[in-house]
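A structural walkthrough
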Amino acid sequence: MEPTLQIIFILASAAYTSFIVYMISRGRMDLKYSLTWLFSGIAFLTLSIFPKLLDALSRLLHIQSPVNTLFLVIIFCLLLIVLTLTVAFSRMKKQVIAVTQELALLKDKEKNS
Amino acid sequence: MDKVLVIIPCYNEEKNIARVVDGIRTLGGDLDILVVNDSSTDNSLEIIDSLGVKYLDLSCNLGIGGAVQAGFKYARENGYRYAVQLDGDGQHDPFYIRRMKEQIDSGFNFVVGSRFIANQGFQSTQFRRLGIRYFCRLISLLTGNKVTDATSGYRMADRSVIELFAREYPYDYPEPETLVTLLRSRYRIKEIPVVMNRRAEGRSSISAPRSIYYVVKVTLAMLFCYYRSERVT
């Protein structure tokens, strides 16, 4: 990897990861749902510091240009994040329905007591 | 308890709900009416309150499935052995509730009011009938049972089905999907002929562009139900 590109990549990954760590430490993101974000930040940081890993991964996957491997890794991380979010909000939808029904039943009891 | 709980999901039915409730009241005392107001944005809640019936007021709009399930939870908690679901728009004639109850008493777990046995009254549009026939075919393919009106929302449950639905109920377009679940789990289902009316006021909840989504979603839901129930049994 070209040195300038590598420096940009390292800086961008570091900024990205520290922003995520900052958000978690401030309690703005729940750790449970930001694990995937954190994981993606660590992956980018590792790849930017050790670009040889990217080359090795490219050879392993028979991808000619390492930059395509990088895109692949990023896309993989994005898919993982969106998937976990869908799982999370499906759960929440169920919970909201249950809570709303429970509240309606309680309101009814209160009204009749 | 020998009473029947009549669950009426209500979303923006200010023009219809009073008439529907009155229609049920003329039938006599063993019917308990429970209107479930699904966060209507019109005057439905005030009207329901003034009618003096039991009602549940949902604070968020849950859609038909969540509203009806709230009714089943009410039925479970209050010990009802019969719960019938009846639309709040006046399509369903409460006259048939007695007949449904007789079927439950003779040993069926679930009774569905079908437009397509006697083929009288409002038969829906040709396009929808095509969709309904398709769902019926799919149900018979998946379960081996014959159903004529897979999307009918006029249905009565016995105690065992009330308990099942209170635990788990799909939150949108629940009708065909729950039929697959019930049939796969060997509940006894009976269809009786009913005459349905065209809705008096307002529009159906399923508009033309949504119908494609409806068919695809319900088909997938039925297949998943089939798959899930196979693993349970």
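Summarised in this report is the structure supplied together with it. (Residues numbered from 1 in each chain as written. Chains lettered and ligands numbered in written order. Predicted model: local features only at pLDDT ≥ 70, side-chain atom pairs only at ≥ 80, totals over all residues. Heavy atoms only, no water.)

A few words now on the overall build of chain A. When its secondary structure is counted, chain A shows four helices and zero strands. For chain A, the N- to C-terminal ordering of α and β elements is α-α-α-α. Its C-alpha atoms give chain A a radius of gyration of 21 Å, more than 25% over the compact-globule value 13 Å for 113 residues. The C-alpha extent of chain A, read off along each of the three principal axes, is 75 × 30 × 15 Å. Relative to its 113 residues, chain A shows a buried fraction of 27%. (Helix = DSSP H or I, 4+ residues; strand = E, 2+ residues; numbered from the N terminus. Rg over C-alpha atoms; globule rule 2.2 N^0.38 Å. Buried < 20%, exposed > 50% of the residue type's maximum accessible area, 1.4 Å probe, protein only.)

In this section: the packing of helix α2 (residues 31-49) of chain A against helix α4 (residues 66-112) of chain A. All names here are of chain A. With their axes 9 Å apart at the nearest point, α2 and α4 run at an angle of 170 degrees to one another. Comparing their axes, α4 and α2 come out roughly antiparallel. Mapping the contact onto sequence places Y33, T36, W37, F39, S40, F44 and L47 in α2 and L70, V73, I74, F76, C77, L80, I81, T84, A88 and M92 in α4. (Axes fitted to C-alpha atoms, helices over the stretch in contact; angles between N-to-C directions. Parallel < 35°, antiparallel > 145°, perpendicular 65-115°, else oblique. Contact = heavy atoms within 4.5 Å.)

Our next topic: the pairing of strand β5 (residues 110-114) of chain B. Residue and element names in this part refer to chain B. Counting buried positions along β5 yields five of five residues, so the element is predominantly enclosed. As paired strands, β5 and strand β6 (residues 155-158) are joined by three bridges and run antiparallel to one another. Each bridged residue has a counterpart across the sheet, and for F110 the counterpart in β6 is A157. Pairing analysis gives five bridges linking β5 to strand β7 (residues 189-193), with the strands arranged parallel. Across the sheet, F110 pairs through a bridge with I189, a residue of β7. (Pairing = 2+ DSSP bridges.)

Further remarks concern helix α1 (residues 3-25) of chain A. All names here are of chain A. The end-to-end C-alpha separation of α1 is 32 Å, in line with the 33 Å expected for 23 residues at 1.5 Å each. Among the residues of α1, those classed as buried are Q6, F9, S13, T17, I20, M23 and I24. In this structure, the buried residues of α1 make contact with α2, α3 (51-61) and α4. Residue G27 follows α1 closely and has a positive phi angle near 75 degrees. (Expected span 1.5 Å × (residues − 1).)

Let's shift gears to the pattern of salt bridges. Per the stated rule, a full pass over the model turns up 10 salt bridges over all chains. Through salt bridges with shared partners, a single ionic network connects D172, E177 and K217 of chain B. (Salt bridge = Lys/Arg side-chain N within 4 Å of Asp/Glu carboxyl O.)

Once that is clear, we can look at the interface of chain A and chain B. Every contact between the two is made by 13 residues of chain A and, on the other side, 15 residues of chain B. For chain A, the biggest contributors to the area lost against chain B are T100, Q101 and L105 of chain A; these three give 40% of the whole. At the boundary of chain A and chain B, one finds two salt bridges. Notably, a salt bridge pairs D57 of chain B with K107 of chain A, separated by 3.3 Å at the nearest N-O pair. At the boundary of chain A with chain B, the tally comes to six residue pairs in polar contact (both at pLDDT 80 or more). Here the side of chain A that touches chain B is composed, by residue class, of five nonpolar, two polar and six charged. (Buried area = accessible area lost by both parts, 1.4 Å probe. Polar contact = N/O pair within 3.5 Å; in protein donor to acceptor, adjacent residues only side chain to side chain. Nonpolar A, V, L, I, M, F, W, Y, C, P; charged D, E, K, R; others polar.)

Before going further, it helps to spend a moment on helix α1 (residues 17-25) of chain B. All names here are of chain B. Buried within α1 we find I17, V20, V21 and I24. Looking down the long axis of α1, one finds its buried residues gathered within 95 degrees of arc, a one-sided arrangement. Looking at the packing, one finds that the buried side of α1 touches β1 (4-10), β2 (31-37) and α2 (44-51). (Arc of directions from axis to C-beta.)

Strand-to-strand pairing in sheets goes through backbone hydrogen bonds, with the strands running parallel or antiparallel. Residues and elements named next belong to chain B. Read from one edge to the other, the open sheet built from seven strands follows the order β3-β2-β1-β4-β6-β5-β7, with strand pairing classed as mixed. Two strands close off the open sheet at either side, each with one partner strand: β3 (54-57) and β7. Each neighbouring strand pair of the sheet contributes to a mean axis angle of 20 degrees, computed without reference to strand direction. By the bridge criterion, four bridges tie strand β4 (residues 82-85) to β6 in an arrangement that is antiparallel. Bridge assignment links V84 to a residue of β6, and that residue is M156.

Attention shifts here to a nonpolar patch on the surface. A contiguous nonpolar surface patch, about 620 Å² in accessible area, is contributed by I212, V216, L220, L223, F224 and Y227 of chain B. Looking at the secondary structure, you find L220 of chain B in helix α8 (residues 208-232). (Patch = residues over 30% accessible without salt bridge, like charges linked within 9 Å, V, L, I, M, F, W, Y side chains within 5 Å. Areas by Shrake-Rupley, 256 points an atom, 1.4 Å probe, with all protein chains shown as cover.)

Moving on: the environment of L164 of chain B. Tracing the chain through its elements places L164 of chain B in helix α6 (residues 159-167). Among residues more than four places away in sequence, those in contact with L164 of chain B are L182 and Y187 of chain B.

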